[in-house]
Amino acid sequence: MTAGPVAAPLALACVLAAVVYTAVAARLRRRGDAWPWRRDAVFAVGCAAVVWGLAGPVPGGPFTAHAGRHLLVAMAGPALLATARPLTLVLRLLPPGGPRRGLLRVAHSPAAGWLLFPPVAAAVDVGGLWLLYRTGLWAAAHRNPLPGGLLELHMLLAGLLFAMAVCRLDPVRGRCGLPLRAVTLLAAGAAHAVLAKSLYVAGPPGTAFTAADLRAGAQLMYYGGDAVEMFLALVLAVQWYAATGRRRARQAAREALPAGVH
């Protein structure tokens, strides 16, 4: 990932998104609605991760720095943004009417359902990484600023799509159970790990990184990817625990009813 022509606009958009999110959450609280402060913090940290990955200093050689930016922009940042439930926040603020109905129409559209189907989102995200690192796309993106800028945008959006599809915290089309999302996360993590291991041995076609830089970047991608995937797995574990608790509570309530009332 290089500092392409869209890096600065994307970074500015993330800063503005953090400001808007904080303002909307504050407005909800002023009118008496509950909105946890931790979500504000998670969204702000997610935006900061993306901004840092796009425009901040990342130590290491060229490939190691790229791996760090990749983790921040395409994995850590999107995972944090998705868990802050931005769509839910906007829907809570909008009154009944055209804008709210329009947003719900988009979120519940067949296109959104397909894109947020976990296997499809994983294919877009991880498949894009395999194309980047195992074809001549990397070299082309570094020769021309425009493909490099589009690459930055794709990595951010694909990472956000995958995180939203796996976490499934916002109201979107389709009901995907925890088993499917967990298996998808496991498969995507394995594909990312294999890609990182392959980069430890050989860099992207058309590039000439030093062996030390290539290995350091591959290790960062491997272990950093594991950390983000563990975070997403924790989100799924919390959802499973909450769903199990609700089922047990309903069962206990039914068992407590007098005979013949069920």
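Residues numbered from 1 in each chain as written. Predicted model: local features only at pLDDT ≥ 70, side-chain atom pairs only at ≥ 80, totals over all residues. Heavy atoms only, no water.

**Student:** Help me out: how do you make sense of the overall build of the protein chain in this one?
**Tutor:** Looking only at helices and strands, the protein chain has eleven helices and zero strands in total. C-alpha extents for the protein chain along the principal axes are approximately 75 × 40 × 30 Å. In the protein chain, which comprises 262 residues, the share counted as buried stands at 44%. Within the protein chain, contacts between residues at least 6 apart in sequence are counted, and of these 76% link residues at least 24 apart. By element, 71% of the accessible surface of the protein chain is carried by carbon and sulfur atoms, the whole surface being about 13,500 Å². Charged side chains in the protein chain number 25 positive and 9 negative. The centres of these two groups are separated by 9 Å. (Helix = DSSP H or I, 4+ residues; strand = E, 2+ residues; numbered from the N terminus. Buried < 20%, exposed > 50% of the residue type's maximum accessible area, 1.4 Å probe, protein only. Contact = heavy atoms within 4.5 Å. Areas by Shrake-Rupley, 256 points an atom, 1.4 Å probe, with all protein chains shown as cover. Lys, Arg positive; Asp, Glu negative; His and termini not counted. Charge placed at Lys NZ, Arg CZ, Asp CG, Glu CD.)

**Student:** Honestly, the pattern of salt bridges in this entry has me stumped. Any pointers?
**Tutor:** Two side chains bearing opposite charge may form a pair once their charged atoms approach each other closely. Using the criterion set out here, one finds two salt bridges in the structure. The salt bridge partner of R29 is D40, with a shortest N-O separation of 2.7 Å. Taken together, the residues R29 in helix 1 (residues 7-30) and D40 in helix 2 (residues 37-55) connect sequence positions eleven residues apart. Looking at R29, the relative accessible area reads 18%, which means it is buried. For D40, a relative accessible area of 8% gives the class buried. For the salt bridge of R31 with D33, the shortest nitrogen-to-oxygen distance reads 2.8 Å. (Salt bridge = Lys/Arg side-chain N within 4 Å of Asp/Glu carboxyl O.)

**Student:** When you look at unusual backbone geometry in this model, what are you seeing that I'm missing?
**Tutor:** In terms of backbone geometry, most residues other than glycine have negative phi values and most peptide bonds are trans. Backbone geometry places R85, a non-glycine residue, at a positive phi of 55°. Summarising the element assignment, R85 is placed in the loop between helix 3 (62-83) and helix 4 (86-93). Despite not being glycine, R168 shows a phi value in the positive range, around 55°. By the element assignment, R168 lies in the loop between helix 9 (145-167) and helix 10 (178-201).

**Student:** Explanation requested: the packing of aromatic side chains in the structure shown.
**Tutor:** Each aromatic ring pair is characterised by the separation of its centres together with the angle its planes make. Throughout the structure, instances matching the rule amount to eight aromatic pairs. Relative to F117, the ring of W114 has its centre 6.4 Å away and its plane inclined at 75°; by these criteria the two rings are edge-to-face. On the basis of relative accessibility, which here comes to 30%, the residue F117 falls in the partly exposed class. Ring geometry for Y222 versus Y223: centroids 5.0 Å apart, planes at 85°, classification edge-to-face. The exposure class assigned to Y222 is partly exposed, which follows from its relative accessible area of 23%. Every member of this aromatic cluster is reached through a ring pair, and the members are F63, Y133, W138 and F209. (Phe/Tyr/Trp six-rings, centres within 6.5 Å; stacked < 30°, edge-to-face > 60°.)

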